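Report on the structure
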Amino acid sequence: MDVAINSTLEANQKLLTYIMDLGEILLKSGAEVNRVEDTVTRIGKAYGFCRVDVFSITSSIVVSAHDPQGDVFTETRRITRYITDLDKIERVNRLSRKICAKPLDETELLEAIDQIKNAEGYSETAMFFTYGLISAAFSIFFGGTFNDGITAFLCGLVLRVVLRLGRKMDLQNIVINFFTSAAVGIGAIVMIKMGLGQNMDKIIIGNIMLLIPGILLTTSLRDMINGDLVTGIMGLGDAILRSLAISFGFAVVMAWFGGGII
Amino acid sequence: MTHAIQIAMAFLGSLGFAVMFHVKGIKLFFCGLGGAVTWAIFLGVKIFGDSIIGGFFIATLSASLISEILARKIKAPVIMFLVPMLVPLIPGSDLYYTTSHLINNRMQEFGSGLTLLLQKVGAMAFGIILMASFVQIFLYGKQSFLKGLMRLKKKT
């Protein structure tokens, strides 16, 4: 009898761990906190927990789940790295829909989670050129000439390399932003001296779109209006610090080269 | 002409961001197209309505509506389309100029830049929430209408 009870306890705890894995994937991939809370609650209920309390902010998820026998299971996750991956969010969404229609058994669930975790994104080469494309597009978008666009494209490539290096060295986001913007500034100055582009500010603004946390700023405001005040304020603080770091990176380069601070 | 170039670049920019966020397949094209439409709507309101903040608000509302419809058709999360579509509206240059005013101690410009930035971002955030709520209201209304219809059918 005792063994049987212990095994259901263990099974339920394990189940909760799998559910939290899905929640963690969502949060890491940049899903909204209310989506994370909603998904964990739904899947938990689908697996027979009669009450699921989830609290999530940008950097952590806490959950307590009650099973019908009255046992309470709990788990906490701390998230430190985020990489926006809308494809993973969609996959988790699809899986959650499937589970709510008919719960998968343990091996199937484990397999599905592994599949999502190991889903391949775009290759590094594709990312590399995408960064160039985005900065070229926005440099022309904000009024740059065609030559500015080409310069911005090259600066975007530089940006991606520095960004990747910084992530590899596990530097803080703020520091990475500072170094990338400084590198882009130097790149832009060198290329203008070589006679490639003309408008410094348009080239830089094209690259800024890649760095500036504009989406973060908008989503944090949305979170606040939505009632997730803690998440919203965290996002806002992050956005402010990051944009300061970016401006500071450019300012240092401009001051160094004496080209007048922008 | 400049407007046409801007719309084309909005398409490329949104498409690029969709790739950056690992959106796949035909959805990439929808994201790019949505970005271009969003910017075109903004330009329309700015030119004919003479309001930048109004343009941001209405463009966000329409981007949200388009992504809600697409999300329901394709059964994907709304943010998958909404985030790339809003990219052309992201006030990257304002954010940059504002902080650079702060660093260079130009407080007056900093103040007006910050106000404009908050107005733009606020208009977008409200647009997103408002459209999500409208959709919720619409779906509730539709559901209760269908329920009422069923009840009527049972009676007859």
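Since we're looking at a predicted model, the values are computed, not measured.

Quick notes on the overall build of chain A
- A tally of regular secondary structure across chain A gives ten helices and three strands.
- The order of helices and strands in chain A, counted from the N terminus, is α-α-β-β-β-α-α-α-α-α-α-α-α.
- The principal-axis extent of the C-alpha atoms belonging to chain A is close to 80 × 35 × 30 Å.
- Scored against the burial criterion, the 262 residues of chain A give a buried share of 49%.
- Of the roughly 12400 Å² of accessible surface on chain A, 60% is carried by carbon and sulfur atoms.
- Side chains of chain A give 24 positive and 27 negative charges; the mean places of these two sets differ by 6 Å.

Re the sheet that holds strand 1 (residues 51-57) of chain A
Residues and elements named next belong to chain A.
- Taken in spatial order, the three strands line up as 1-2-3 in an open sheet, and their pairing is antiparallel. This sheet does not close on itself; its edge strands, each paired only once, are strand 1 and strand 3 (72-78). Averaged over all pairs of adjacent strands, the angle between their axes in this sheet comes to 5°, without regard to strand direction.
- Relative to strand 2 (residues 60-66), strand 1 is paired through seven bridges, and the arrangement is antiparallel. Its bridge partner being in strand 2, Ile57 is matched across the sheet by Ser60.

Considering the pairing of strand 2 of chain A
Residues and elements named next belong to chain A.
- Between strand 1 and strand 2, which pair antiparallel and follow one another directly, the connecting turn spans two residues.
- Bridging between strand 2 and strand 3 involves seven bridges; their strand directions are antiparallel. Bridging across to strand 3, Ala65 finds its partner in Phe73.

Some remarks on a negative patch on the surface
All names here are of chain A.
- Together, Asp105, Glu108, Glu111 and Asp114 line one region of the surface with negative charge.
- Mapped onto the fold, Asp105 is located in the loop between helix 3 (86-101) and helix 4 (106-117).
- Among the residues examined, Asp105 registers a relative accessible area of 43% and is labelled partly exposed.

Some thoughts on the pattern of salt bridges
- Following the criterion strictly, the structure yields 20 salt bridges over all chains and no others.
- Across the salt bridge formed by Arg77 of chain A and Asp21 of chain A, the nearest N and O atoms sit 2.9 Å from each other. Within this pair, whereas Arg77 of chain A is found in strand 3, its partner Asp21 of chain A is found in helix 1 (residues 2-28), the two being separated by 56 residues in sequence.
- Note that Lys24 of chain B and Asp87 of chain A form a salt bridge whose closest N and O atoms lie 3.1 Å from each other. In this pair, Lys24 of chain B sits in the loop between helix 1 (2-20) and helix 2 (26-49) while Asp87 of chain A sits in helix 3, so the two residues belong to two different chains.
- Of the residues examined, Lys24 of chain B reaches a relative accessible area of 22% and is grouped as partly exposed.
- Among the charged side chains, a salt-bridge network with shared partners connects Asp21, Glu24, Lys28, Glu75 and Arg77 of chain A.

So, the domain arrangement of chain A
All names here are of chain A.
- When the domains of chain A are assigned, the result is domain 1 (2-117) and domain 2 (124-257).
- Every contact between the two is made by eight residues of domain 1 and, on the other side, nine residues of domain 2.
- Buried surface at the junction of domain 1 and domain 2, both sides included, amounts to about 750 Å², of which 47% is carbon and sulfur.
- A salt bridge links Asp170 to Arg81, with the nearest nitrogen and oxygen atoms 3.2 Å apart.
- Counting across the domain 1 and domain 2 interface gives two residue pairs in polar contact (both at pLDDT 80 or more).
- For the side of domain 1 that touches domain 2, the secondary structure elements donating two or more residues are helix 2 (33-46) and strand 1.
- When the residues that make up the side of domain 1 that touches domain 2 are grouped by side-chain class, the tally is two nonpolar, four polar and two charged.

Remarks on the interface of chain A and chain B
- Each side of the interface is counted separately: chain A has 49 residues, and chain B has 48 residues.
- Summed over both sides, the interface of chain A with chain B buries roughly 4600 Å², with 75% coming from carbon and sulfur.
- Summed over the shared surface of chain A and chain B, the result is two salt bridges.
- Salt-bridge contacts for Glu90 of chain A lead to Lys27 of chain B; the nearest nitrogen and oxygen are separated by 2.8 Å.
- For the interface between chain A and chain B, the tally reads eight residue pairs in polar contact (both at pLDDT 80 or more).

Overview of the side chain of Lys27 of chain B
- By secondary structure assignment, the location of Lys27 of chain B is in helix 2.
- Apart from residues lying up to four places away in sequence, Lys27 of chain B is in contact with Glu90 of chain A together with Ile74, Met80 and Phe81 of chain B.

Regarding a nonpolar patch on the surface
- On the surface, Ile186, Val190, Met194, Trp256 and Phe257 of chain A cluster together into a nonpolar patch covering about 590 Å² of accessible area.
- For Trp256 of chain A, a relative accessible area of 71% gives the class exposed.

What counts and how
Per-chain numbering applies: the sequence of each chain, read as written, is numbered from 1 onward. Key to labels: chains lettered from A, ligands numbered from 1, both in the order written. Per-residue local features of the predicted model are confined to residues with pLDDT of at least 70, and side-chain atom pairs are confined, for both listing and counting, to 80 or more; whole-chain, interface and lining totals are unaffected and use all residues. Each side-chain value is derived from all of the structure's non-hydrogen atoms; neither hydrogens nor water enter the calculation. Working definition: helices are DSSP H or I runs of at least four residues, strands are E runs of at least two. Numbering for both runs from the N terminus. Think of it in three bands: with a 1.4 Å probe and only protein chains considered, a residue is buried below 20% of the maximum accessible area for its type, exposed above 50%, and partly exposed in between. Here the open area of atoms and residues is found with the Shrake-Rupley method and a 1.4 Å probe, where only the protein chains shown may cover a residue. Counted as positive: Lys and Arg. Counted as negative: Asp and Glu. His and the chain ends are not counted at all. For the purpose of locating charges, the reference atoms are NZ of Lys, CZ of Arg, CG of Asp and CD of Glu. Note: two strands are recorded as paired if DSSP finds a minimum of 2 bridges between them. Axis definition: a line fitted to C-alpha atoms, limited for helices to the stretch in contact. Angles are taken between N-to-C directions and run from 0 to 180 degrees. Patch building starts from residues that exceed 30% relative accessible area and form no salt bridge, then joins like charges within 9 Å and nonpolar side chains (Val, Leu, Ile, Met, Phe, Trp, Tyr) within 5 Å. Any Lys or Arg side-chain nitrogen located within 4 Å of an Asp or Glu carboxyl oxygen qualifies as a salt bridge. Start and end points for every domain follow an automatic or database-based domain assignment. Any two residues having at least one pair of non-hydrogen atoms within 4.5 Å are treated as being in contact. A simple way to read buried area is as the amount of 1.4 Å-probe accessible surface that goes missing from two parts once joined, with both sides added. N or O atoms closer than or at 3.5 Å make up a polar contact, with two conditions inside protein: a donor-capable atom paired with an acceptor-capable one, and, for residues adjacent in sequence, both atoms drawn from side chains. Ten residues, namely Ala, Val, Leu, Ile, Met, Phe, Trp, Tyr, Cys and Pro, are considered nonpolar, four, namely Asp, Glu, Lys and Arg, are considered charged, and the remaining ones, Gly among them, are considered polar.

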